Amino acid sequence: MPKTVIQKINLAEKFSSFADYYKPRIAAELNGQMVKLVKFDSPFVWHHHDHEDEMFLVVKGRFKMEFKEQDGRERHEWIEEGEFIVMPRGTEHRPVAEQECWIVLFEPASTLNTGNVTNERTVAELQHV
Ligand code: NI
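Now for a look at the structure at hand. (Residues numbered from 1 in each chain as written. Predicted model: local features only at pLDDT ≥ 70, side-chain atom pairs only at ≥ 80, totals over all residues. Heavy atoms only, no water.)

1. Some thoughts on the coordination of the nickel ion
Tetrahedral coordination by four donors places them ideally at 109.5 degrees to one another around the metal; octahedral coordination by six donors ideally gives 90 or 180 degrees.
Reasoning step 1: For the nickel ion, every protein donor is listed as His47 (NE2), His49 (NE2), Glu54 (OE) and His93 (NE2), and the spread of their distances is 2.0 to 2.1 Å.
Reasoning step 2: For the nickel ion, all donor residues lie on one chain, and their spacing in sequence is H-x1-H-x4-E-x38-H. With Glu54 in strand E3 (residues 54–60) and His93 in strand E7 (residues 93–96), this pair connects stretches of sequence that are 39 residues apart. Here Glu54 matches His93 in class, with each residue buried. (Donors = N, O, S within 2.8 Å, 3.2 Å for Na, K, Ca; no water. Helix = DSSP H or I, 4+ residues; strand = E, 2+ residues; numbered from the N terminus. Buried < 20%, exposed > 50% of the residue type's maximum accessible area, 1.4 Å probe, protein only.)

2. Quick look at the pairing of strand E4 (residues 63–68)
Reasoning step 1: In terms of burial, E4 is largely enclosed, as 5 of its 6 residues are buried.
Reasoning step 2: Sheet topology note: the E4/strand E5 (residues 74–79) ladder contains 6 bridges and is antiparallel. Bridge assignment links Met65 to a residue of E5, and that residue is Glu77.
Reasoning step 3: Between the antiparallel neighbours E4 and E5 lie 5 residues, among them Gly72 with a positive phi of about 90°.
Reasoning step 4: Looking at chain direction, E4 and E7 are connected through 4 bridges and run antiparallel. Note that in E7 the partner of Lys64 across the bridge is Val96. (Pairing = 2+ DSSP bridges.)

3. A word on the sheet that holds E4
Reasoning step 1: With antiparallel pairing, the 3 strands of this open sheet are ordered in space as E5-E4-E7. Strands with a single pairing partner mark the edges of an open sheet, and in this sheet they are E5 and E7. Neighbour-to-neighbour, the strand axes of the sheet open up by a mean angle of 20°, direction not taken into account. (Axes fitted to C-alpha atoms, helices over the stretch in contact; angles between N-to-C directions.)

4. Topic: unusual backbone geometry
Reasoning step 1: Look at Tyr22: it is not a glycine, yet its phi comes out positive at around 55°.
Reasoning step 2: Located in the positive-phi region is Asn31, a residue other than glycine, with phi close to 50°.
Reasoning step 3: Inspection of the secondary structure assignment puts Asn31 in the loop between strand E1 (25–30) and strand E2 (33–40).

5. Looking at the nonpolar core
Reasoning step 1: With 17 residues, the main nonpolar core has Phe40, Phe56, Phe63, Met65, Ile85 and Ile103 as its most contacted residues.
Reasoning step 2: Elements that contribute at least two residues to this core include exactly E2, E3, E4, strand E6 (84–87) and strand E8 (101–108).
Reasoning step 3: When residues no more than four places from it in sequence are discounted, the contact partners of Phe63 are Phe40, Phe56, Val58, Glu77, Trp78, Ile79, Pro95, Val96, Ala97, Cys101 and Ile103.
Reasoning step 4: Phe15, Phe18, Ala27 and Val35 belong to the second largest nonpolar core, which has 7 residues in total. (Core = buried A, V, L, I, M, F, W, Y, C linked by side-chain atoms within 4.5 Å. Contact = heavy atoms within 4.5 Å.)

6. Things to note about the environment of Tyr22
Reasoning step 1: Its location among the elements puts Tyr22 in the loop between helix H1 (11–16) and E1.
Reasoning step 2: Residues Tyr22 and Pro43, spaced 21 residues apart in sequence, show a C-alpha to C-alpha distance of 9.8 Å.
Reasoning step 3: For Tyr22, the contacting residues outside a window of four places in its chain are Val38, Lys39, Phe40, Asp41, Ser42, Pro43, Phe44, Pro95, Ala97, Asn113, Arg121 and Val123.
Reasoning step 4: In this structure the side chain of Tyr22 is engaged in a polar contact, spanning 2.4 Å, whose partner is the backbone oxygen of Ser42. (Polar contact = N/O pair within 3.5 Å; in protein donor to acceptor, adjacent residues only side chain to side chain.)

7. What about the sheet that holds E2?
Each strand in a sheet pairs with another by means of backbone hydrogen bonds, the pair being arranged parallel or else antiparallel.
Reasoning step 1: Taken in spatial order, the 6 strands make up an open sheet running E6-E3-E8-E2-E1-E9, and their pairing is mixed. In the strand order of this sheet, the two ends are held by E6 and strand E9 (127–128), each with one partner.
Reasoning step 2: Inspection of the sheet shows E3 paired to E6 by 4 bridges, in the antiparallel sense. In the strand pairing of E6, Phe56 is matched with Ile85.

Bear in mind that shape data such as this cannot, by itself, settle questions of function.
Laid out in C-alpha cells, this is it:
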C-alpha cells in the first residue's frame, strides 16, 4: 500500500494560495474521486460529461448553474454559499458567476473541466494544492 500522509485541509488557506479562475486544483483524493478546488468569476462554456456526475459545493460567493433538462428545457439554479448541486452525467451545463465564487468539486480523476468540449479553458493536467 502506498504511504499516505494524513492531514486536514483548511479551505480558506487552500483557496488563498491561488488566484486564477476556472483552473481546478486537486486538494485530495479518495475512492477514485478527486476533491478539486476552483474559483469562478464569469460565465463558463456549455458542456457535458459522458461518464461522470459532478458535484459543485459553494464555499464562498454564489453562482448560477444553467442546465438542460432531458426534455431539452433550459433551467437554472442559483447555488448559494453552503449549497451544492449535482450535474448528472450527460447533462448539458454551464456555470455562470458574476463575481468571485469558491467551489469544491467532487468528481472522478478522469473528469475534464470542459467535458466534451476542448478549448482554451480546458485544463488537462491539474496541479495539486
Ligand atoms: Ni462540467
